[in-house]
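Below are the chains, spelled out letter by letter.
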Amino acid sequence: MITTNTLVNPWRGSVAITPGIGAFLGESGDNKPHKHWAHQIAIGLDANVEVISSETRHKEKGLWIPAGVTHQLIMAEVLCIYIDPTHDICKALLPHIKNPLMQPIGTLREEFNTACLSRFTATENLSFELEAFERHYRHDQTSDPKSRLSHILKALHAEAMDGRSISRAELAKKVRLSPSRFSHWFSESTGLPLRSYKKWLKLLTGFELSRQMSLTDAAIASGFSDQAHFCRSATEAFGVSPAVIQRLLSE
């Protein structure tokens, strides 16, 4: 059984997910400070979007929140797009951020905000527009499927889907590196620690599986020790209980 606290201000809206990218369109509700291993685009529908991070309040029409940055989204009508940091389109999106290296949370350019809102708020099919968004910004950014990183990412995704654990030594062997050198190389290549990225993939797999089975079974199948472990990890990553995400996925 899933036990959750009743939210004073629940999330309401639509969710779409494709491999490596997801979107939420609607009214954000209660959420705790959290950090997830996906870059986040947050754009206010009718007003500026507001995010608190490290006691700093960011208030702009559109914000870029890099993976791994702890933040809390203030309730608003909002478009949020979540992008796996290893996704091909990340480099294509960087020009749309003002001074991306000046501070952890960046401001999105107005023309990008307008283009995103025009695309997503005018559709009745959020999944279709998310796929169109991905195609548009993928452009010529496609990575070499034979590259070392592509080889490792494929192994990690297979691991998550199978609910098994592949060791750092096994991964390092695939690309002919020592385990210590592999950890450094992976962090350099993705901007993420290996352990954090593996946990992120397990979480996403768990939610995908929860569409077909109970949350307890999905947690075990995706590699968590039990449902409680999955729930704690989900709250740390998203700032809300797994039940909130499940409800949005089913609507």
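Caption draft 1: Structural view of the overall build of the protein chain. Across its full length, the protein chain carries ten helices and ten strands. In terms of C-alpha radius of gyration, the protein chain reaches 18 Å, essentially the compact-globule figure of 18 Å for 251 residues. For the protein chain, buried positions account for 47% of its 251 residues. Taking all contacts inside the protein chain whose residues are at least 6 apart in sequence as the whole, residues at least 24 apart take part in 63%. Carbon and sulfur atoms form 51% of the exposed surface of the protein chain, whose accessible area is close to 13,000 Å².

Caption draft 2: Fine view of the packing of aromatic side chains. Following the criterion strictly, the structure yields eleven aromatic pairs and no others. The interplanar angle of 70° and the centroid separation of 5.1 Å between the aromatic rings of Trp 11 and Phe 24 together place this pair among those described as edge-to-face. Here Trp 11, found in the segment before strand 1 (12-18), pairs with Phe 24, found in strand 2 (residues 21-27); they are 13 residues apart in sequence, far enough to count as distant. Assigned by exposure class, Trp 11 and Phe 24 land together as buried. Aromatic pair Phe 133 and Tyr 137: ring centres 4.9 Å apart, planes at 55°, arrangement tilted. Of this pair, Phe 133 and Tyr 137 both sit in helix 3 (residues 126-138), four residues apart, which is roughly one turn of that helix. A residue is classified by how much of its surface remains accessible, and Phe 133, at 0% relative accessible area, is buried. Among the residues examined, Tyr 137 registers a relative accessible area of 10% and is labelled buried. Lying across the ring of Phe 224, Lys 202 places its NZ or CZ 4.6 Å from the centre.

Caption draft 3: Region of interest: the sheet that holds strand 4 (residues 49-53). The strand order across the open sheet formed by three strands is 5-4-7, and the pairing between neighbours is antiparallel. The open sheet has two free edges, formed respectively by strand 5 (56-60) and strand 7 (72-73), since each of these has just one partner strand. With five bridges connecting them, strand 4 and strand 5 associate as antiparallel partners. If you follow Ser 53 over to strand 5, its bridge partner there is Thr 56.

Caption draft 4: Focus on the nonpolar core. Ranked by internal contacts, the top residues of the largest apolar core, which has 47 residues, are Leu 156, Phe 182 and Phe 186. Of all the elements, helix 7 (residues 194-209) adds the most residues to this core, at six residues. Setting aside anything within four residues of it in sequence, one finds Phe 182 in contact with Ile 152, Arg 168, Leu 171, Ala 172, Val 175, Leu 177 and Leu 194. If you look at the next biggest cluster of nonpolar residues, it comprises 23 residues, including Ala 23, Leu 108, Leu 117 and Phe 133.

Caption draft 5: The arrangement of the pairing of strand 1 in detail. By the bridge criterion, seven bridges tie strand 1 to strand 2 in an arrangement that is antiparallel. Residue pairing in the sheet places Gly 13 in a bridge with Gly 26 of strand 2. Between the end of strand 1 and the start of strand 2, which pair antiparallel, lie two residues, with Gly 20 showing a positive phi angle near 85°.

Rules used in this analysis
- Residues numbered from 1 in each chain as written.
- Predicted model: local features only at pLDDT ≥ 70, side-chain atom pairs only at ≥ 80, totals over all residues.
- Heavy atoms only, no water.
- Helix = DSSP H or I, 4+ residues; strand = E, 2+ residues; numbered from the N terminus.
- Rg over C-alpha atoms; globule rule 2.2 N^0.38 Å.
- Buried < 20%, exposed > 50% of the residue type's maximum accessible area, 1.4 Å probe, protein only.
- Contact = heavy atoms within 4.5 Å.
- Areas by Shrake-Rupley, 256 points an atom, 1.4 Å probe, with all protein chains shown as cover.
- Phe/Tyr/Trp six-rings, centres within 6.5 Å; stacked < 30°, edge-to-face > 60°.
- Lys NZ or Arg CZ within 6 Å of the ring centre and 35° of its normal.
- Pairing = 2+ DSSP bridges.
- Core = buried A, V, L, I, M, F, W, Y, C linked by side-chain atoms within 4.5 Å.

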